[in-house]
Amino acid sequence: MKTPFITKEKAEEIIKQYPTPFHIYDEKGIRQRARDLYKAFSWNKGFKEYFAVKATPNPFILKILKEEGCGVDCSSLTELMMSDCCGFSGSDIMFSSNVTPKADFLKARELGAYINLDDFTHIDYLDDLCGIPETICCRFNPGGHFEIETQIMDNPGEAKYGFTREQLFEGFKVLQQKGAKHFGLHAFLASNTVSNAYYPKLARILFELAVELHEKTGADIKFVNLSGGVGIAYEPDKPQNDIFAIGEGVRKAFEDIMVPAGLGDVAIFTELGRYMLAPFGHLVATCTHHKHTYKEYVGLDACACNLMRPAMYGSYHHITVLGKENAPCDHKYDVTGGLCENNDKFAIDRMLPEIDTGDIIVIHDTGAHGFSMGYNYNGKLRSAEILLHEDGSFDMIRRAETPSDYFATFDFTDIFDKYTKNNK
């Protein structure tokens, strides 16, 4: 079973200061995850993790990861700006985007970030805009299906990302003509894999391609970016990825392919988001309503605006009723929010302990793609984010939104003052 990293007593203490719903993050778990990752890849002297900012775009989280030696992977202008404000610059930033606006490329060049080109046509686009940097990365899409041991993991051929193989070889030549001296290679072929074989299989594909590119174009390969895709098991009692087994599998592929080709100094990069943060975040909510119709419903003060993965993907997120961890799961509920949408459900036909109004509910594994995918449908306001420190203390690291935020397209102050005076 999944065990929350906060107790009922700690949750009650926090709620006295910050009412539910809120997202809370476990600093101790985040730091240990980063340390384990670096230990698993310590055999590669240039290894660096570029945390995927889109997963959890909070400056306090980014600063923790920076202290643990991580860089950042950015996909937009605002992510670049946030990273800049947090002290990241130069080779600490990987910029991976698609359909990229001019302003985003310009900011990436200003910060000296590694730019990871998504498309062959972006070569001339970038060159005309601000020139080609001496070090440049290209994203590879092999097409077809990606399989591990005959199991189809994903369908890269249907993805909008990356160069074809032919475009990649031509692209390296064109980039060299335009002044590029050093190259990176990147690919993302499957999402949220729970398989120790994913990274090693991807690594072999990229290592073999790197060797061929080096031999046929003369390109100096500086790094290979294995991207993300290493996931977590959201369901309880299912095996999780073993990062040490994964690191060892990549090491073996590196020694089999890269070292004999004289590319033993090439750095390995990763850009993990979900693996780094998801297990170390909870959405904490309170049961506010019950409904007894054709089914039994439990209503929370949180909704899909706080966590959209179940509504959008049908994703499973484990649920714990604090204080009832050992109670029998003998009641079947749909656990819902208050949106005017029938898919606003955190769980459907979930067996849980009997839930009473006022019970504190923990929804697990929301540390990545949780708060960051929030939105304001029905005028719902995004919740606060809380950081639980290793010593048990806690701080608010993002305040909850207010109605003034929701109306921020206006010069809101005068309008809101007028409205409140007229409606007293």
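Residues numbered from 1 in each chain as written. Predicted model: local features only at pLDDT ≥ 70, side-chain atom pairs only at ≥ 80, totals over all residues. Heavy atoms only, no water.

1. Side note on helix α6 (residues 122–130)
- Three or more residues of α6 are buried, namely H122, I123 and L126. Buried residues of α6, seen end-on, are gathered within an arc of 110 degrees and therefore sit on one face of the element.
- Those residues of α6 that are buried are in contact with α5 (102–111), β5 (114–117), β6 (135–139) and α7 (165–177).
- With its phi angle positive at about 85 degrees, G131 sits one or two positions after the end of α6. (Buried < 20%, exposed > 50% of the residue type's maximum accessible area, 1.4 Å probe, protein only. Helix = DSSP H or I, 4+ residues; strand = E, 2+ residues; numbered from the N terminus. Arc of directions from axis to C-beta. Contact = heavy atoms within 4.5 Å.)

2. A closer look at the packing of α5 against α6
- Between α5 and α6, the least distance of the axes is 10 Å, while the angle of their chain directions is 65 degrees. When the axis of α5 is compared with that of α6, the two are roughly perpendicular. Our pair here, α5 against α6, has a crossing hand that is right-handed. Together, K102, F105, L106 and R109 of α5 and H122, Y125, L126, L129 and C130 of α6 make up the contact between the two elements.
- Of the residues in the contact of α5 with α6, the class split is six nonpolar, one polar and two charged. (Axes fitted to C-alpha atoms, helices over the stretch in contact; angles between N-to-C directions. Parallel < 35°, antiparallel > 145°, perpendicular 65-115°, else oblique. Left-handed = near helix turned anticlockwise from the far one by under 90°. Nonpolar A, V, L, I, M, F, W, Y, C, P; charged D, E, K, R; others polar.)

3. A few points about the sheet that holds strand β9 (residues 182–186)
- With respect to topology, eight strands assemble into a closed barrel ordered β2-β3-β4-β5-β6-β9-β10-β11, the strand pairing being parallel. Going from strand to strand, the sheet's axes swing by 25 degrees on average, the running direction of each strand aside.
- Both strand β2 (residues 48–52) and strand β11 (residues 267–270) contribute to a ladder of two bridges, which runs parallel. Counterpart to K48 in the pairing with β11 is F269.
- Along the sheet, helix α4 (residues 77–85) makes contact with β3 (71–74) and β4 (93–96), crossing β3 at roughly 165 degrees.
- Here helix α8 (residues 198–217) sits on the sheet in contact with β9, β10 (220–225) and β11, set at roughly 165 degrees to β10. (Pairing = 2+ DSSP bridges.)

4. Digging into the packing of aromatic side chains
- Under the defined criterion, the tally for this structure stands at 15 aromatic pairs.
- Measuring from centroid to centroid gives 4.9 Å for Y114 and F223, while their planes differ by 45 degrees, and the two rings are tilted. Of this pair, Y114 sits in strand β5 while F223 sits in strand β10, placing them 109 residues apart in sequence. Each member of the pair, Y114 as well as F223, is classed as buried. (Phe/Tyr/Trp six-rings, centres within 6.5 Å; stacked < 30°, edge-to-face > 60°.)

5. Details of unusual backbone geometry
- The omega torsion across T20 and P21 is 0 degrees, close enough to zero to call that bond cis.
- With respect to the secondary-structure elements, P21 resides in the loop between α1 (8–17) and β1 (22–26).
- Of note, D349 is a non-glycine position whose phi angle comes to about 50 degrees, a positive value.
- By the secondary structure assignment, D349 is in strand β16 (residues 345–352).
- Under the relative-accessibility criterion, D349 is labelled partly exposed at 40%.
- If you check the backbone angles, N378 has positive phi at about 65 degrees while not being a glycine.
- Among the secondary structure elements, N378 is positioned in the loop between β17 (360–363) and β18 (384–388).
- A relative accessible area of 37% places N378 in the partly exposed class.

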